[in-house]
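# Observations on the three-dimensional arrangement
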Amino acid sequence: MTVTADSRQYALIPDWLITMQPVGAVLTGHAVVVSGDVIADILPVAQLAQRHPQVQRVALPDQVLLPGLINMHTHSAMTLLRGLADDLPLMTWLHDHIWPAEQRWLGEEYVRDGVALACLEYLRGGITCYNDSYFFPDVAAEVTRAAGMRAVMGAPVINFPTPWAQDSDGYFARAMALQQCCQDDALIAMSFAPHAPYSVSDADFVRMRDLAAEHDLRIHLHLLETSGEIADSKAQFGLAPLPRLQQLGLLNERLIAVHMTALADADMPLLAEAGVHVVHCPESNLKLASGFCPLWKLQQAGVNVTVGTDGAASNNDLDLLGELRTATLLAKGVSADPEAVPASQALAMITINAARALNLAHRIGSIETGKQADFCSIDLSEPDTQPMHEIFSHLVYATSRQQVRHVWVAGRQLLRDREPQTLDIERIRQSTKKWQQRIGTQQP
Ligand SMILES: [Zn+2]
């Protein structure tokens with residue numbers, strides 16, 4: 001039985017239900033009743049006829065229903081630069097390849113087409129919400145809203161002119177215009193997305209700190225991506241990045257710090273106490289040989305660590321299930337502890353803990369009555385995920401994103417049997433080909 005956009009009262013009946021409330025629990029023989037955009041009830045199937053006699057039943061055989069996955073760090077429009085420059089050091093990659101391509105092509109059309117391609121990939125990978133950092137977030141918001149997805153759009157702040165803004169006042173004016181347009185949006189929220197400590201001034205950090213406090217916004221920042229940042233920051237600002245941000249009043253629960261590879265043990269209690277959220281992007285870090293984020297040590301210190309794919313130019317896929325697997329395996333290797341980041345706990349990093357980092361845990365991140373009806377279902381019937389001894393083990397160590405079968409956001413089905421319901425694959429293919437020709441002809 002299928003569910004149309006208009007019929008928004010239905011009961012999903014999966015073989016397994018993982019609510020993330022509490023983390024590590026699995027229910028069988030349960031139904032999730034959706035009414036409009038919210039979860040109206042979670043109950044044993046045996047009670048469904050009595051409590052919801054009229055509700056349309058949607059059986060999900062061989063499937064596990066999970067909260068929609070949350071990609072905590074990405075640059076969605078950069079899908080168009082996927083595979084353009086690989087196997088290079090971070091600064092060579094950025095200065096000689098990525099920034100020149102962006103200077104040439106960045107604009108509304110580029111962002112519109114790149115974000116549509118990313119949204120298609122997100123949905124087919126079970127991702128319902130993403131935390132973005134890129135130019136033209138207003139255009140990205142439009143595309144994402146039309147796809148029916150959820151996102152937090154980062155308004156960029158960087159110390160040089162781009163097609164998005166010319167100077168500090170320009171970046172802040174555009175950020176506050178975005179804030180105005182997102183503040184009552186059901187699907188899109190906004191944050192500040194300062195590029196990195198080395199490309200943002202003290203004055204701009206202070207300005208966004210005050211605006212973020214006033215409007216209750218997150219600050220989404222690349223931080224300590226490489227160890228070279230520490231010496232550079234001491235030379236440029238007289239302080240390493242963490243003490244500098246602490247002095248500027250940025251180390252608090254609003255800060256979403258991405259990468260964090262160059263951390264000392266002594267930094268961890270400081271981050272935990274301040275409530276800073278960390279996003280680990282292991283595949284981007286591995287590919288650029290940036291170092292290792294000490295995921296397990298951070299978690300043990302009490303820091304909320306989440307996972308992001310980073311942009312498609314440095315990963316090169318937007319596969320969050322794959323990223324989670326890399327994160328957990330790497331954590332074991334880096335900490336020399338096979339018990340690090342157990343599978344039953346790992347899924348929290350891309351669901352409920354991600355929602356907490358985004359200040360959206362009251363709405364998304366777990367399957368609970370009253371929360372938004374954001375789910376993905378994963379088909380575990382294939383031999384690749386048999387036999388079924390332990391479901392979290394399968395989800396973290398054996399499942400591929402190709403097993404994602406259905407996706408719902410705010411009660412609306414956006415992916416049905418892997419077919420997108422709100423995005424036109426053929427149109428996305430054509431626009432991507434157009435960019436391949438344009439960007440390709442510019443390459444040396
Ligand atoms: Zn990034």
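Just so it is clear, the model here is predicted, and its values are computed rather than measured.

It is worth spelling out the coordination of the zinc ion at this point. Looking at the zinc ion, the protein donor atoms are His73 (NE2), His75 (NE2), His222 (NE2) and Asp310 (OD), and they sit 2.1 to 2.4 Å from it. Angles of 85 to 175 degrees at the metal separate the four donor atoms of the zinc ion, which places the site in the irregular class. Along the chain, the residues donating to the zinc ion fall in the pattern H-x1-H-x146-H-x87-D.

For the protein chain, the assigned domains are domain 1 (9–68 + 372–420) and domain 2 (69–357). Both faces combined, the contact of domain 1 with domain 2 buries some 2500 Å², and carbon together with sulfur accounts for 64% of it. Area buried by domain 1 at its contact with domain 2 is led by Val396, Tyr397 and Arg401, which between them contribute 29% of it. Between domain 1 and domain 2 we count three salt bridges in total. Between Arg401 and Glu121 there is a salt bridge, with its nearest N and O atoms 3.0 Å apart. The interface formed by domain 1 and domain 2 includes nine residue pairs in polar contact (both at pLDDT 80 or more). Elements supplying a minimum of two residues to the side of domain 1 that touches domain 2: β4 (56–67), β13 (375–379), α15 (391–397), β14 (404–409) and β15 (412–416). Per-element tally for the side of domain 1 that touches domain 2: the top contributor is α15, with five residues. Broken down by class, the residue content of the side of domain 1 that touches domain 2 amounts to 21 nonpolar, six polar and four charged.

To continue, consider the environment of Ile39. Looking at the element boundaries, Ile39 is found in strand β3 (residues 38–44). The exposure class of Ile39 is buried, given its relative accessible area of 2%. Setting aside residues up to four positions removed in sequence, Ile39 forms contacts with Val32, Val33, Ser366, Ile367, Glu368, Thr369, Gly370, Lys371, Gln372, Ala373 and Phe375.

One can find His30 in strand β2 (residues 30–35). Assessed through its relative accessible area of 17%, His30 is described here as buried. Here Thr28 takes part through its backbone oxygen, which lies 2.9 Å from a polar atom of the side chain of His30.

Our next topic: the nonpolar core. Among the nonpolar cores identified, the biggest contains 124 residues, and Tyr110, Val111 and Phe192 are the most heavily contacted of them. With ten residues, helix α3 (residues 108–124) is the largest single contributor of residues to this core. Each of two domains, domain 1 (9–68 + 372–420) and domain 2 (69–357), supplies a minimum of three residues to this core. In contact with Val111, other than residues within four places in its own chain, are Ala77, Leu106, Tyr134, Phe135, Phe136, Val139 and Ala140.

Paired through their backbone hydrogen bonds, the strands of a sheet run either parallel or antiparallel. With mixed pairing, the eight strands of this open sheet are ordered in space as β3-β2-β1-β4-β13-β14-β15-β16. Looking at the sheet topology across the chains shown, the edges are occupied by β3 and β16 (419–420). Sheet analysis places β4 next to β13, joined by five bridges and oriented antiparallel. Bridge pairing in β13 links Pro67 to Phe375.

Moving on, we get to helix α6 (residues 202–215). For α6, spanning 14 residues, the distance from its first C-alpha to its last is 20 Å, which sits close to the expected 20 Å at 1.5 Å a residue. For α6, every residue scored as buried is listed here: Asp204, Phe205, Met208, Leu211 and Ala212. One side of α6 carries all its buried residues, which in axial view fall inside an arc of 135 degrees. Structural note: α6 exposes Ala203 and Glu214 on the side pointing more than 90 degrees away from its buried face. As for α6, its buried residues are in contact with β7 (150–157), α5 (168–182), β8 (188–194), β9 (219–223) and α8 (241–247). At the exit of α6 stands Asp216, carrying a positive phi of roughly 55 degrees.

Rules used in this analysis
Residues numbered from 1 in each chain as written. Predicted model: local features only at pLDDT ≥ 70, side-chain atom pairs only at ≥ 80, totals over all residues. Heavy atoms only, no water. Donors = N, O, S within 2.8 Å, 3.2 Å for Na, K, Ca; no water. Tetrahedral: all angles 85-135°; square planar, octahedral: opposite > 155°, others 65-115°. Domains from an automatic or database assignment. Buried area = accessible area lost by both parts, 1.4 Å probe. Salt bridge = Lys/Arg side-chain N within 4 Å of Asp/Glu carboxyl O. Polar contact = N/O pair within 3.5 Å; in protein donor to acceptor, adjacent residues only side chain to side chain. Helix = DSSP H or I, 4+ residues; strand = E, 2+ residues; numbered from the N terminus. Nonpolar A, V, L, I, M, F, W, Y, C, P; charged D, E, K, R; others polar. Buried < 20%, exposed > 50% of the residue type's maximum accessible area, 1.4 Å probe, protein only. Contact = heavy atoms within 4.5 Å. Core = buried A, V, L, I, M, F, W, Y, C linked by side-chain atoms within 4.5 Å. Pairing = 2+ DSSP bridges. Expected span 1.5 Å × (residues − 1). Arc of directions from axis to C-beta.

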